[in-house]
Amino acid sequence: QVQLVESGGGLVQAGGSLRLSCKAPRMIFSVFASNIMAWYRQAPGKQRELVAKLTPGTPTIGREQYSDSVKGRFTMSRDNSRKTVYLQMTDLKPEDTAVYYCNAQTSTQINHWGQGTQVTVSS
């Protein structure tokens, strides 16, 4: 069964904004709340890289980590009651173009991945 579903990608001009969402509709609330959630991205010809990560935490706030390339531009948040995490992306640049994947890591370090959502930033 699909555990994570991303949405919100699209085509934007440089300097624009997008908000990505990742929902876990089949996860039990307590399981979702305890997961480390992260966003990764993979551009053509490049390795998948970590973009942002939230480590619980409280039910709605966790410790935040960001890659140097997105610090100050991207903000990750989570809403455990909705079993959803977000990635607010601002001041998008062409180099941000990639498929963005949601990741959930359980307490036993089992990883769940979404199918990805395409973000394309034009010059």
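Structure first, text after, so check above.
Cut-offs applied
- Residues numbered from 1 in each chain as written.
- Predicted model: local features only at pLDDT ≥ 70, side-chain atom pairs only at ≥ 80, totals over all residues.
- Heavy atoms only, no water.
- Patch = residues over 30% accessible without salt bridge, like charges linked within 9 Å, V, L, I, M, F, W, Y side chains within 5 Å.
- Areas by Shrake-Rupley, 256 points an atom, 1.4 Å probe, with all protein chains shown as cover.
- Salt bridge = Lys/Arg side-chain N within 4 Å of Asp/Glu carboxyl O.
- Helix = DSSP H or I, 4+ residues; strand = E, 2+ residues; numbered from the N terminus.
- Buried < 20%, exposed > 50% of the residue type's maximum accessible area, 1.4 Å probe, protein only.
- Polar contact = N/O pair within 3.5 Å; in protein donor to acceptor, adjacent residues only side chain to side chain.
- Contact = heavy atoms within 4.5 Å.
- Pairing = 2+ DSSP bridges.
- Disulfide = S-S within 2.5 Å.

Peer 1: Tell me about a nonpolar patch on the surface, residues and numbers included.
Peer 2: A surface patch of nonpolar side chains, amounting to about 280 Å² of accessible area, comprises Ile28, Phe29 and Val31. Residue placement: Ile28 occurs in the loop between β3 (18-23) and α1 (29-34).

Peer 1: Break down the side chain of Thr117 for me, citing the residues and quoting the values.
Peer 2: Along the polypeptide, Thr117 turns up in strand β11 (residues 117-122). The exposure class of Thr117 is buried, given its relative accessible area of 10%. Within the local environment of Thr117, its side chain forms a polar contact with the backbone nitrogen of Gly9, the two atoms lying 3.1 Å apart. Residue contacts for Thr117: discarding those within four places in its chain leaves Glu6, Ser7, Gly8, Gly9, Leu20, Ala98, Val99 and Tyr100.

Peer 1: Please give an account of the pairing of β11 that cites residues and values.
Peer 2: A one-sided burial pattern is seen for β11, the buried positions being Thr117, Val119 and Val121 and the unburied ones Gln118, Thr120 and Ser122. Two elements, strand β2 (residues 10-13) and β11, share four bridges in a ladder whose sense is parallel. If you follow Leu11 over to β11, its bridge partner there is Thr120. As paired elements, strand β9 (residues 98-105) and β11 share three bridges and run antiparallel to each other. Bridging across to β11, Val99 finds its partner in Gln118.

Peer 1: Quick rundown of unusual backbone geometry? Include the residues and the values.
Peer 2: Positive phi, normally seen in glycine, also occurs at Lys83, with a value near 50 degrees. Assignment of secondary structure puts Lys83 in the loop between β7 (74-79) and β8 (84-89). Even without a glycine there, the phi angle at Gln109 is positive, about 65 degrees. With respect to the helices and strands, the residue Gln109 is situated in the loop between β9 and β10 (111-113).

Peer 1: Describe the state of the cysteines, listing the residues and the values that go with them.
Peer 2: Within the structure shown, the criterion is met by one disulfide. There is a disulfide in this structure between Cys22 and Cys102, and the S-S distance comes to 2.0 Å. Between Cys22 and Cys102, the S-S dihedral sits near -85 degrees, and the bridge is therefore left-handed. In this pair, Cys22 sits in strand β3 while Cys102 sits in strand β9, placing the two residues 80 residues apart along the sequence.

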